[in-house]
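Structural characterization, general
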Amino acid sequence: MAGYASAVALAKRLITKKGRTNVSAYRPGVSAALDPSRPWKLDGAPVADQLLASGMNVVFLDIRSSVGFLGQFGFEASFRSRVENPDSLMPGSTAVAYIIPEQLGSARLQPEDLLLAGSTRYTVMRCDALQPGDELIMFIAQLKE
């Protein structure tokens, strides 16, 4: 971690200091179909949500605040599809979250996962890693409230 150690330390320090506390991440449970010939009918017993992490510090920004003149982190950002531009914002996004990787442990946020911050519930639409080379600095998740 020699090349980006200062960036990792800065991200950790700022997210810890300025982020909302006691944020939890969940993977929603999905019921199964009892009849394999009818996979669309989820009539099995409900499955409980899986807790991925709790007690996290996360910085949440309104989507308009996270995109400046040149976009987040100076990259051009737009509402185009991921195929056209991997740094683009998803059309339904309402917020962006900045997360320290160690807080998630070995888990990785996926679309449809949930972040609970107080009484506010966010659905993860996309989660990208800010990772120059092999060094993971933070996760940037696009959310819908």
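See the structure above.
Okay, so let's go over this structure. All values derive from a computational prediction rather than experimental measurement.

1. Digging into unusual backbone geometry
At asparagine 22, a position not held by glycine, the phi torsion is positive, near 55 degrees. By secondary structure assignment, the location of asparagine 22 is in strand E1 (residues 20–27). Judged by its relative accessible area of 57%, asparagine 22 falls in the exposed class. In this structure, glutamate 112 takes a positive phi of about 85 degrees despite not being glycine. Looking at the secondary structure, you find glutamate 112 in the loop between helix H3 (101–104) and strand E4 (114–117).

2. Some points on the environment of proline 46
Relative to the helices and strands, proline 46 resides in the loop between E1 and strand E2 (50–62). Proline 46 gets classed as exposed once you look at its relative accessible area, which sits at 73%. Proline 46 sits 14 residues away from alanine 32 along the chain, and the two C-alpha atoms are 8.0 Å apart.

3. Considerations on the side chain of glutamine 142
Along the chain, glutamine 142 falls in strand E6 (residues 138–144). Polar side-chain contacts of glutamine 142 include one of 3.1 Å to the side chain of serine 93.

4. Here we look at the side chain of arginine 126
The topology assignment puts arginine 126 in strand E5 (residues 120–130). A residue is classified by how much of its surface remains accessible, and arginine 126, at 8% relative accessible area, is buried. Of note is the side chain of arginine 126, whose polar atom sits 2.8 Å from the side chain of aspartate 128.

5. With respect to the pairing of E4
Inspection of the sheet shows E1 paired to E4 by 3 bridges, in the antiparallel sense. Following the sheet pairing, tyrosine 26 is matched in E4 by leucine 114. Across 4 bridges, E4 lies against E5 in antiparallel orientation. When the sheet's bridge partners are listed, leucine 116 is paired in E5 with arginine 121.

6. Here we look at the nonpolar core
Core analysis: the biggest nonpolar cluster contains 21 residues, and Met56, Phe60, Ile99, Leu109, Leu115 and Leu143 have the highest contact counts within it. Elements represented by at least two residues in this core include exactly E1, E2, strand E3 (95–99), E4, E5 and E6. Residue contacts for leucine 143: discarding those within four places in its chain leaves Phe60, Ser93, Thr94, Ala95, Val96, Ala97, Leu115, Tyr122, Thr123, Val124 and Met125. Formed by 12 residues, the second largest nonpolar core is a distinct cluster that contains Ile15, Leu89, Ile100 and Ile137.

Cut-offs and rules
- Residues numbered from 1 in each chain as written.
- Predicted model: local features only at pLDDT ≥ 70, side-chain atom pairs only at ≥ 80, totals over all residues.
- Heavy atoms only, no water.
- Helix = DSSP H or I, 4+ residues; strand = E, 2+ residues; numbered from the N terminus.
- Buried < 20%, exposed > 50% of the residue type's maximum accessible area, 1.4 Å probe, protein only.
- Polar contact = N/O pair within 3.5 Å; in protein donor to acceptor, adjacent residues only side chain to side chain.
- Pairing = 2+ DSSP bridges.
- Core = buried A, V, L, I, M, F, W, Y, C linked by side-chain atoms within 4.5 Å.
- Contact = heavy atoms within 4.5 Å.

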